[in-house]
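Listed below, chain by chain, are the residues.
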Amino acid sequence: MENKIEKKYIPLAEYFSSATDDKIQLSFTEIETIMGHSLPNSSYLNKSWWKKTKPPLKHYLAWIEQGYYVTTIQPGYHVTFEKPSSNSNAELDSLENAKNTFITRSIETDDARDLAKLLSTLDAETDFMLYGKNERDPSVQSVRKKITNLRKNNSSSIIVAVVEGQIGGMISISGNKAPRAKHRASIYLGIIQKFTNQGIGTLLLKDAEKWAISNSIQRLELSVCKSNAIAINMFNKFGFTIDGERKQSLKINDEFENEIYMSKLLNI
């Protein structure tokens, strides 16, 4: 597929490949979030851009090769994709259509606003993060700068999960430039609560491990609150082992919290 369509449309192709509904409506914003890139101006102005099925343009392969065809377009607002077997009288609800469909991909600079929103949401939803609600306010500019810097080196990265047409989870891999520590990296995993228990965390961990191995990283490390039994259990299942415990390392709601340090050695 990479040889047939532009690279920026590959995440959209993966989205349709994993979709289970015969009829899907996506807003232009949701499509751009899935891609991690902006759609061309012609897609906003001309319905014919969505109806094309012949070269030289090949963007349509993202959905055609998965059996979907564009049936209705509201320029600038939404597009409906449909498989021929779908009941044309079925009601459309984009949230319901997309709720079990998600993809993972590397972060793009165009994701800065969505990533800033995700970080703020994670801080507000749980006490297991380093920051609590309203304790930080990541600006879009600062997040965009961080993404730009990450994409310039091979020791760190961010992988996002796009679910329900939005970035619903992420895993960051933070490496080291010092020669004696270049073989290890720390990971940070966060998923919006309404998207948990869908296998997103497991897939993000798998992607992070693949990325680490491809960049000669041999050890992944993380820390987790001792009271976060669900996360500890997930990391255990994924092959992480406990290295030790850091006592009173965090103070949450005026109560001390111990952290568990875990790691996994990778076979390269």
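The structure we're discussing is the one just above.
Residues numbered from 1 in each chain as written. Predicted model: local features only at pLDDT ≥ 70, side-chain atom pairs only at ≥ 80, totals over all residues. Heavy atoms only, no water.

1. Examining the sheet that holds strand β3 (residues 78-82)
And then number 1: Strands sit in the order β1-β3-β2 across an open sheet of three strands; the sheet is antiparallel. Of all the strands in the sheet, the pair left with one neighbour each is β1 (23-27) and β2 (69-74). Across the sheet, the mean angle separating the axes of adjacent strands is 20° when strand polarity is ignored.
And then number 2: Across five bridges, the pairing between β1 and β3 is antiparallel. (Pairing = 2+ DSSP bridges. Helix = DSSP H or I, 4+ residues; strand = E, 2+ residues; numbered from the N terminus. Axes fitted to C-alpha atoms, helices over the stretch in contact; angles between N-to-C directions.)

2. Observations concerning the packing of helix α1 (residues 10-18) against helix α2 (residues 28-35)
And then number 1: With their axes 7 Å apart at the nearest point, α1 and α2 run at an angle of 105° to one another. As summarised for this structure, α1 and α2 are arranged roughly perpendicular, according to the angle between their axes. Residue-level inspection shows P11, L12 and Y15 of α1 in contact with α2, the latter providing I31, I34 and M35.
And then number 2: A breakdown of the residues in the contact of α1 with α2 according to their chemical character gives six nonpolar, no polar and no charged. (Parallel < 35°, antiparallel > 145°, perpendicular 65-115°, else oblique. Contact = heavy atoms within 4.5 Å. Nonpolar A, V, L, I, M, F, W, Y, C, P; charged D, E, K, R; others polar.)

3. Some thoughts on the pattern of salt bridges
And then number 1: Following the criterion strictly, the structure yields nine salt bridges and no others.
And then number 2: Between E221 and R219 there is a salt bridge, with its nearest N and O atoms 2.7 Å apart.
And then number 3: You can call E221 buried: its relative accessible area is 19%.
And then number 4: A salt bridge links R219 to D243, with the shortest nitrogen-to-oxygen separation between them at 3.0 Å. You can see R219 sitting in strand β8 (residues 219-225) and its partner D243 sitting in strand β9 (residues 241-252), a full 24 residues away along the chain.
And then number 5: Accessibility expressed as a relative area gives 22% for R219, which makes it partly exposed.
And then number 6: Classification of D243 by relative accessible area gives partly exposed; the value is 45%. (Salt bridge = Lys/Arg side-chain N within 4 Å of Asp/Glu carboxyl O. Buried < 20%, exposed > 50% of the residue type's maximum accessible area, 1.4 Å probe, protein only.)

4. Quick word on the environment of I167
And then number 1: Mapped onto the secondary structure, I167 falls in strand β6 (residues 166-175).
And then number 2: Judged by relative accessible area, which is 3%, I167 ranks as buried.
And then number 3: Placed 91 residues apart in sequence, I167 and G76 show a C-alpha to C-alpha distance of 20 Å.
And then number 4: When neighbours within four sequence positions are excluded, I167 is seen to be in contact with T33, D111, D114, L118, V160, A161, V162 and I192.

5. Some details on helix α10 (residues 229-237)
And then number 1: Along α10, the residues that are buried comprise A231, I232 and F235. End-on, the buried residues of α10 take up no more than an arc of 100°, which puts them together on one face. Residues of α10 that are exposed and angled more than 90 degrees away from the buried face: A229, I230 and K237.
And then number 2: In the core, the buried residues of α10 are packed alongside β7 (184-191), α9 (200-214), β8 and β10 (255-265). (Arc of directions from axis to C-beta.)

6. Some thoughts on unusual backbone geometry
And then number 1: Unusually for a residue other than glycine, S216 sits at a positive phi of about 60°.
And then number 2: Structurally, S216 is set in the loop between α9 and β8.

7. Things to note about the side chain of T80
And then number 1: Mapping T80 onto the fold places it in strand β3.
And then number 2: Separated by 2.8 Å, the side chains of T80 and T72 make a polar contact. (Polar contact = N/O pair within 3.5 Å; in protein donor to acceptor, adjacent residues only side chain to side chain.)

8. Section: the packing of aromatic side chains
And then number 1: Enumeration according to the criterion identifies twelve aromatic pairs in this entry.
And then number 2: Ring geometry for W50 versus F81: centroids 6.3 Å apart, planes at 75°, classification edge-to-face. Of this pair, W50 sits in helix α4 (residues 48-51) while F81 sits in strand β3, and the two are 31 residues apart along the sequence. For the pair W50 and F81, one class covers both residues: buried.
And then number 3: When the centroid spacing of 6.5 Å and the interplanar angle of 20° are considered together, the rings of F238 and F240 count as stacked. Both residues of the pair, F238 and F240, count as buried.
And then number 4: Members of the aromatic cluster, connected to one another through ring pairs, are Y9, Y15, F16, F28, Y44, W49, W50, W63, Y68 and F81.
And then number 5: In this arrangement the basic side chain of K264 is found over the ring face of F238, its NZ or CZ atom lying 4.3 Å from the centre. (Phe/Tyr/Trp six-rings, centres within 6.5 Å; stacked < 30°, edge-to-face > 60°. Lys NZ or Arg CZ within 6 Å of the ring centre and 35° of its normal.)

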